[in-house]
Amino acid sequence: MAVTEDLKEQEETSPRPEEEKQKPQLWKWSVIFLCLYGFMAQLKPGDSFITPLLLSLEKNFTREEVTNEITPVLSYSYMVVLVPVFLLTDYLRYKPVLILQSLSHISVWLILLLGTSLLEMQFMEFFYGITMAARVAYSSYIFSLVAPSLYQQVASYSRTSVLLGVFTSSALGQLCVSVGEVSYGTLSKISLGFVIFGFALTLFLPWPKRSLFFNRKLQGPEEASPAEMDQMNRDCPQPTAAKTVSAWRNSVFFQMLKELLNVVRLPQLQVWSLWWIFNTAGYYLMVYYVHVLWNEVYPTSENKHVYNGGVDAASTLLGALASFAAGYVKIRWSLWSELVIGIVTALQAGLLIVMSTTSNIWVCYVTSALFRSAYQFLVPIATFQIASSLTKELCALVFGVNTFLATILKTIITIIIADKRGLALAVHPQFFVYSGYFALLAVIYFGAAANVIIKHFRNEKPATLNQNGDIELCSTMMVANDAEKLTIGKV
């Protein structure tokens, strides 16, 4: 029976000859259009110069207001809207959330152009938080357009289009400021024009027929293959009591929440999820406040040559190269993960210390670019290590939970360190605290690495001394054990 079902699945997943002739152009054009939208949505040349605009004579906010009252709202907004946006993205099938994101982009730049009060700038940060939370709609939308066999390919296309858009946007903004001597206000008008065009593109995006969690029944047999979670639910006998349970408890989403409790015991999933939570929180705290730091080291009101856009463009390029290089790192991650994470985290701690103490703007520029590249180097490694033993649906849920926990942690630190109701530290002391945060993480990672390595070599010694075939038996059991772990969440 299992063989018969496997053959049926293969027949379902393999496209028919007629379909191959009819549909390839359709999905290709859909992916191309979505990637075009992903590129255009990032074209906001004024993005790198929002902080200089707020601190300029045009807006005339103080550095304390920007640091302790305006910027913290971004963390609070992101945390509040992340879960609703994540669920609505799947329930509404992506497109409405992308429209919401574009409308929020328009709101950000309209407020920057027309707003003058502190409250209006806080609303601007609130809408900016919505745009960040809605990024999940773009990253997952593309998977609804193609068959599972093409997921990896189209994911690289969508990621490349976003990075190219960020790079082009930052470089264009820098050229406008340095070469064209465009004012920050005019740069905001240019950005508003781009995001309005991006909004127009969203109206023509195709409307997906299915999504990962809530709209899976809309999927026909000729489209993507049934997910492994569905196969699991078919194979496992359902108790009669389940018929009386409410519909949402029988949904795929609820089943995966239960499955999530099982997969959290995987060691590599634990390690890289903890890295994702703690290091991502620290990374975005640095990103949110680095422009304020640059302005304190090199005040825009006193200097004409500001290179925020150029540095952001260089950081994006270095991050892309670091992510690419990470794909060629071939080591035994089950043994060396904690050590690699510890080394990179210690490097980031050192870079933050330099940023918090230097008075040279070029040192700030270089260290911030290296800090971002170090984080981007580990992102694809973490993504693979987390995703390699999970189904596509469960993987999306795990990343959603990790991102939400990172956002909560980031918000707590913001309230304590940056908010005026907390310590309300200036930006230099903030970066010193962040360096201590990363240094503490590095110590913990090195301690965990030492523990894993010592255990590994202790367990290896008895194996090498055994000459009676026990090594082979042990290896076989370990392989079987690993195979059992990897099948958690899969049938």
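Computed from a predicted model, the values in this text were never measured in an experiment.

**Concerning the overall build of the chain**
Link 1 in the chain: Helix and strand counts for the chain stand at 20 helices and 0 strands.
Link 2 in the chain: Relative to its 491 residues, the chain shows a buried fraction of 47%.
Link 3 in the chain: Nonlocal contacts in the chain, meaning residues at least 24 apart in sequence, comprise 84% of its contacts between residues at least 6 apart.

**Here we look at the environment of Met 40**
Link 1 in the chain: Of note, Met 40 is situated in helix α3 (residues 24-41).
Link 2 in the chain: Along the backbone, Met 40 and Val 166 are 126 residues apart, and their C-alpha atoms lie at a distance of 9.3 Å.
Link 3 in the chain: Ignoring anything within four residues of it in the chain, the contact list for Met 40 reads Phe 194, Phe 197 and Leu 201.

**Focus: the pattern of salt bridges**
Link 1 in the chain: All chains considered together, the criterion is met by 4 salt bridges.
Link 2 in the chain: A salt bridge links Lys 420 to Glu 69; the shortest N-O distance between them is 3.5 Å. In this pair, Lys 420 sits in the loop between α18 (392-417) and α19 (427-465) while Glu 69 sits in helix α5 (residues 63-70), placing the two residues 351 residues apart along the sequence.

**Some points on the side chain of Glu 125**
Link 1 in the chain: Here Glu 125 is to be found in helix α8 (residues 118-133).
Link 2 in the chain: No salt bridge forms around the buried Glu 125; measuring N to O, its nearest opposite-charge neighbour Lys 410 is 11 Å away.

**Thoughts on the packing of helix α14 (residues 267-297) against helix α17 (residues 361-387)**
Link 1 in the chain: Interaxial distance between α14 and α17 falls to 10 Å at its minimum, and their mutual angle equals 160 degrees. By the angle between their axes, α14 is roughly antiparallel relative to α17. Here α14 and α17 pass one another in a crossing that is left-handed.

**Some words on a nonpolar patch on the surface**
Link 1 in the chain: On the surface, a cluster of nonpolar side chains totalling about 440 Å² of accessible area is made up of Leu 164, Phe 167, Leu 317, Leu 318 and Leu 321.
Link 2 in the chain: Going through the elements one at a time, α10 (151-178) and α15 (308-326) are the ones with two or more residues in the nonpolar patch.
Link 3 in the chain: The dominant element in the nonpolar patch, judged by the number of residues it contributes, is α15, at 3 residues.
Link 4 in the chain: Structurally, Leu 321 is set in helix α15.

**A few points about the packing of aromatic side chains**
Link 1 in the chain: Inspection of the entire model under this criterion finds 20 aromatic pairs.
Link 2 in the chain: Each ring, one from Trp 272 and one from Trp 275, has its centre 6.1 Å from the other, and the planes form 65 degrees; the classification is edge-to-face. Pair noted here: Trp 272 and Trp 275 are both in helix α14, with a separation of 3 residues, about one helical turn. Neither Trp 272 nor Trp 275 differs from the other in exposure class; each is buried.
Link 3 in the chain: Consider the rings of Trp 275 and Trp 276, whose centres lie 6.1 Å apart with planes at 80 degrees: the pair is edge-to-face.

**A word on the nonpolar core**
Link 1 in the chain: In this structure, Leu 34, Leu 54, Leu 112, Trp 272, Trp 275 and Phe 431 are the most contacted members of the largest nonpolar core, which totals 111 residues.
Link 2 in the chain: Composition of this core by domain shows at least three residues from each of domain 1 (23-208) and domain 2 (259-460).
Link 3 in the chain: Beyond its immediate stretch of four places on either side in the chain, Leu 112 contacts Ile 50, Leu 53, Leu 54, Lys 59, Met 121 and Met 124.

**Digging into unusual backbone geometry**
Excluding glycine, residues mostly carry a negative phi; peptide bonds, for their part, are mostly trans.
Link 1 in the chain: Unlike most non-glycine residues, Tyr 94 shows phi in positive territory, near 70 degrees.
Link 2 in the chain: If you trace the backbone, Tyr 94 turns up in the loop between α6 (72-91) and α7 (95-114).

**Some points on the side chain of Ser 75**
Link 1 in the chain: Considering the arrangement of structural elements, one finds Ser 75 in helix α6.
Link 2 in the chain: Given the relative accessible area of 1%, Ser 75 is considered buried.

**Focus: the confidence of the model for the chain**
Link 1 in the chain: Mean pLDDT over the chain: 81, with 78% of residues reaching 70 or higher.
Link 2 in the chain: Across residues 1-22, where pLDDT falls below 50, the model places 11 contacts with residues more than four positions away in sequence or in other chains.
Link 3 in the chain: Note on residues 218-236: pLDDT under 50 across the span, and 39 contacts to partners over four residues away in sequence or across chains.

**Observations regarding the environment of Ser 104**
Link 1 in the chain: By the secondary structure assignment, Ser 104 is in helix α7.
Link 2 in the chain: Remark: the alpha-carbon pair of Ser 104 and Met 132, spanning 28 residues in sequence, is separated by 9.8 Å.
Link 3 in the chain: Other than its neighbours up to four places away in sequence, Ser 104 contacts Phe 127, Ile 130 and Thr 131.

Scoring rules and cut-offs
- Residues numbered from 1 in each chain as written.
- Predicted model: local features only at pLDDT ≥ 70, side-chain atom pairs only at ≥ 80, totals over all residues.
- Heavy atoms only, no water.
- Helix = DSSP H or I, 4+ residues; strand = E, 2+ residues; numbered from the N terminus.
- Buried < 20%, exposed > 50% of the residue type's maximum accessible area, 1.4 Å probe, protein only.
- Contact = heavy atoms within 4.5 Å.
- Salt bridge = Lys/Arg side-chain N within 4 Å of Asp/Glu carboxyl O.
- Lys, Arg positive; Asp, Glu negative; His and termini not counted.
- Axes fitted to C-alpha atoms, helices over the stretch in contact; angles between N-to-C directions.
- Parallel < 35°, antiparallel > 145°, perpendicular 65-115°, else oblique.
- Left-handed = near helix turned anticlockwise from the far one by under 90°.
- Patch = residues over 30% accessible without salt bridge, like charges linked within 9 Å, V, L, I, M, F, W, Y side chains within 5 Å.
- Areas by Shrake-Rupley, 256 points an atom, 1.4 Å probe, with all protein chains shown as cover.
- Phe/Tyr/Trp six-rings, centres within 6.5 Å; stacked < 30°, edge-to-face > 60°.
- Core = buried A, V, L, I, M, F, W, Y, C linked by side-chain atoms within 4.5 Å.
- Domains from an automatic or database assignment.
- pLDDT = per-residue confidence, 0-100.

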